[in-house]
Amino acid sequence: MTTPSTEPTPARTTEPAGRPQRIHGLDALRCGALLLGIVLHAFVPFIAAQPWFFHDRYGSVGLAETNFVIHSFRMMLFMTLAGYFGALMLDRRGAQRYVRDRAKRVLLPMIAFWPVAVFPLGLLALMFASTHPGASQPEVTDPLVMFGPGQLWFLLVLMECIVITVAVRALLIRFIGRERTSAFSERMATLFSSRAGVLVASVPYIVAVVIQGKPMSGIIEPATIIPEAAPLAGYLGAFSVGWALRRGSGALAGIGKDWAAYLVVGAISLSIMLIAQGQVPLPIGAALVALGGWCVTYGLVGVCMRFLTRPRPAIRYLADASYWMYLMHLPIVVAIGMSLADLALPVAVKLLITLVASSATLLLTYQLLVRRTPIGAWLNGREHRWRNAERRVP
């Protein structure tokens, strides 16, 4: 999802003066978080222990471990960036316009895309079961689950985070005043950008995992439109961290200084869980997964802020396309995976075919149906920044 992004330090961008300046590293990171979701969904058919629409005849332990690592940080990263850009947009547009814009570009797409992005999945599962009598299919009888948000759940949770954050901000301004609210936000930014900040950020994640009781599953997404305490707590915590970081001058630069240390600690924490196969006491497992996920998140933010400071046309294009790609990817990925399920091909070959074919289809449909159409204006905003970039960037 594309949001105008600015950076108070002019040296971090080559955009012309007078235009909102984009933070190119965070653009790339948000794009990566969305596209990693497509990769994870291509993995799942090869992970027998994970419920899915179908399973391939071959499995892969390595993909299960990779799935765990990516799942530990991906949505935390996405929600953190959403909070950061949300605070930026509220500063530029005001609270009411910000909420209206997010309802249009976050909540409405969840409703509008459900019939084409979620509903076909049930039909595909039925088709696969009809041709594979031995295939195990989960029985779903709860109407709330049958008509749940599916893979678009993150839009619903994101909208919940937005509404709660804006409401809390309004209450703080009402009861303690705007100046004290701003001072509090700056103190929180200082805390979260410090080395101890990653520990504080991990607390809501730990609470969410303890509530759900499955450390190796990270935070389990809600199955219905009814808010659930665990995912809301975990992702609201991430959104709040991103929101606070926007309030601090130099907060992202502070994180960037220790990017390597964050990645090392994250790798160690998640490796311990993999070696132990989750066979540790629940509080310890929750703490390791949360610390690992947040350290990787901080490390990736630091890497992108340090090294991805210039506009890159290809990344810019993918950043604009990634929202559409994620919204529409799952029926395509599932259909391609089902067509390959019975073939005696290596797992790596099937994965490559699935990812290349689905990505090509999604990019082609974006180019033809979205990029310069009302759908693109709806999802990505009125201004087509990529088209402007083509004229400015050699």
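Further up the page is the structure itself.
Here is a short report on the structure shown in this document. As the structure is a computational prediction, the values presented were derived from the model and not from experiment. (Residues numbered from 1 in each chain as written. Predicted model: local features only at pLDDT ≥ 70, side-chain atom pairs only at ≥ 80, totals over all residues. Heavy atoms only, no water.)

1. What about the overall build of the protein chain?
Line of reasoning, step 1. Looking only at helices and strands, one finds 16 helices and zero strands in the protein chain.
Line of reasoning, step 2. Buried positions account for 49% of the 394 residues belonging to the protein chain.
Line of reasoning, step 3. Sequence separation of at least 24 residues holds for 79% of the intrachain contacts in the protein chain that already meet a minimum separation of 6. (Helix = DSSP H or I, 4+ residues; strand = E, 2+ residues; numbered from the N terminus. Buried < 20%, exposed > 50% of the residue type's maximum accessible area, 1.4 Å probe, protein only. Contact = heavy atoms within 4.5 Å.)

2. A short note on the side chain of Ser185
Line of reasoning, step 1. Looking at where Ser185 falls in the secondary structure, it is placed in helix 7 (residues 178–192).
Line of reasoning, step 2. In contact with Ser185, not counting residues within four places along its chain, are Ala244 and Arg247.

3. Some words on the environment of Gly250
Line of reasoning, step 1. Mapped onto the fold, Gly250 is located in the loop between helix 9 (229–246) and helix 10 (251–257).
Line of reasoning, step 2. Relative accessible area serves as the criterion here: at 45%, Gly250 is assigned to the partly exposed category.

4. Thoughts on the packing of helix 2 (residues 61–93) against helix 9
Line of reasoning, step 1. Closest axis-to-axis distance for the helix 2/helix 9 pair is 7 Å, and the angle between their directions is 45°. Taken together, the axes of helix 2 and helix 9 are oblique relative to one another. Where helix 2 crosses over helix 9, the handedness of that crossing is right-handed. Contacts between helix 2 and helix 9 involve Met75, Met76, Met79, Thr80, Ala82, Gly83, Tyr84, Gly86, Ala87, Leu88, Leu90 and Asp91 from the former and Gly234, Tyr235, Ala238, Phe239, Val241, Gly242, Trp243, Leu245 and Arg246 from the latter.
Line of reasoning, step 2. The class makeup of the residues in the contact of helix 2 with helix 9 is 14 nonpolar, five polar and two charged. (Axes fitted to C-alpha atoms, helices over the stretch in contact; angles between N-to-C directions. Parallel < 35°, antiparallel > 145°, perpendicular 65-115°, else oblique. Left-handed = near helix turned anticlockwise from the far one by under 90°. Nonpolar A, V, L, I, M, F, W, Y, C, P; charged D, E, K, R; others polar.)

5. Digging into the side chain of Thr224
Line of reasoning, step 1. The residue Thr224 is located in the loop between helix 8 (197–212) and helix 9 in this model.
Line of reasoning, step 2. A polar atom in the side chain of Thr224 sits 3.2 Å from the backbone nitrogen of Ile226.
Line of reasoning, step 3. When near neighbours in sequence (up to four residues on either side) are disregarded, Thr224 contacts Leu144, Val145, Gly148, Pro149 and Leu156. (Polar contact = N/O pair within 3.5 Å; in protein donor to acceptor, adjacent residues only side chain to side chain.)

6. What about a nonpolar patch on the surface?
Line of reasoning, step 1. On the surface, a nonpolar cluster with roughly 310 Å² of combined accessible area is contributed by Phe119, Leu123 and Leu126.
Line of reasoning, step 2. Its place among the elements puts Leu123 in helix 4 (residues 119–131).
Line of reasoning, step 3. Residue class for Leu123 comes out partly exposed when judged on its relative accessible area of 44%. (Patch = residues over 30% accessible without salt bridge, like charges linked within 9 Å, V, L, I, M, F, W, Y side chains within 5 Å. Areas by Shrake-Rupley, 256 points an atom, 1.4 Å probe, with all protein chains shown as cover. Salt bridge = Lys/Arg side-chain N within 4 Å of Asp/Glu carboxyl O.)

7. Quick notes on the pattern of salt bridges
Line of reasoning, step 1. On inspection of all chains with the given rule, the structure shows seven salt bridges.
Line of reasoning, step 2. Linking Arg30 and Asp27 is a salt bridge whose minimum nitrogen-to-oxygen distance equals 2.8 Å. Taken together, the positions of Arg30 and Asp27, both in helix 1 (residues 24–43) and three residues apart, correspond to about one turn of that helix.
Line of reasoning, step 3. Relative accessible area serves as the criterion here: at 6%, Arg30 is assigned to the buried category.
Line of reasoning, step 4. Accessibility expressed as a relative area gives 4% for Asp27, which makes it buried.
Line of reasoning, step 5. For Arg102, the salt bridge goes to Asp101, with nearest N and O atoms at 2.5 Å. Asp101 matches Arg102 in its accessibility class, with the two residues each being buried.
Line of reasoning, step 6. Three or more residues joined by partner-sharing salt bridges are found here, namely Arg93, Asp101, Arg102 and Arg105.

Worth remembering: the numbers are spatial, not functional.
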